[in-house]
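One letter stands for each residue in the lines below.
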Amino acid sequence: MKKIIVHAGFHPEVKREYNGEHIYKVVKIREGVAGKDFHTNSRLNDETVFYGLDNGGWIKSLGNDKYETDWTGEERWGRVEEVEYDEKGEVVSAQDLGFIILRVDRAKGIL
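Residues numbered from 1 in each chain as written. Predicted model: local features only at pLDDT ≥ 70, side-chain atom pairs only at ≥ 80, totals over all residues. Heavy atoms only, no water.

**Student:** Please provide a residue-by-residue account of the pattern of salt bridges, values included.
**Tutor:** The tally for this structure, following the rule as stated, stands at five salt bridges. The salt bridge partner of Lys60 is Glu68, with a shortest N-O separation of 3.7 Å. By relative accessible area, which is 2% here, Lys60 ends up buried. What makes Glu68 buried here is its relative accessible area of 5%. Connected through shared salt-bridge partners, Asp65, Arg79, Glu81 and Asp96 make up one network. (Salt bridge = Lys/Arg side-chain N within 4 Å of Asp/Glu carboxyl O. Buried < 20%, exposed > 50% of the residue type's maximum accessible area, 1.4 Å probe, protein only.)

See the structure below:
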């Protein structure tokens, strides 16, 4: 059985389900140098990873499955992977599919 899983570390207490949102494919990956983030004025990871998406935008990894647009901290993203399970529920394989933008809908419990 295959299932699409969303990894969204901003709110680990809420399990984010995939609801058919558009999955943006990664077309480029680059690593940045440690320093201060312009928007949050907080220290970045020693090696920040940036993902270039098929729409021309870039998102950055903040670590712990936290992703945001590189030009604003307002837009948060979730990493999407397809996981295949065997009949015992054990993971057989996993493949990264890309990223989805996370939208807040408190009425549905989506953070």
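**Student:** Go over the confidence of the model for the chain with me, naming the residues and quoting the values.
**Tutor:** With 79% of its residues at a pLDDT of 70 or more, the chain has an overall mean of 82. Here residues 34-45 is modelled with pLDDT under 50, and outside its nearest four sequence neighbours on either side it reaches 20 contacts, counting other chains as well. (pLDDT = per-residue confidence, 0-100. Contact = heavy atoms within 4.5 Å.)

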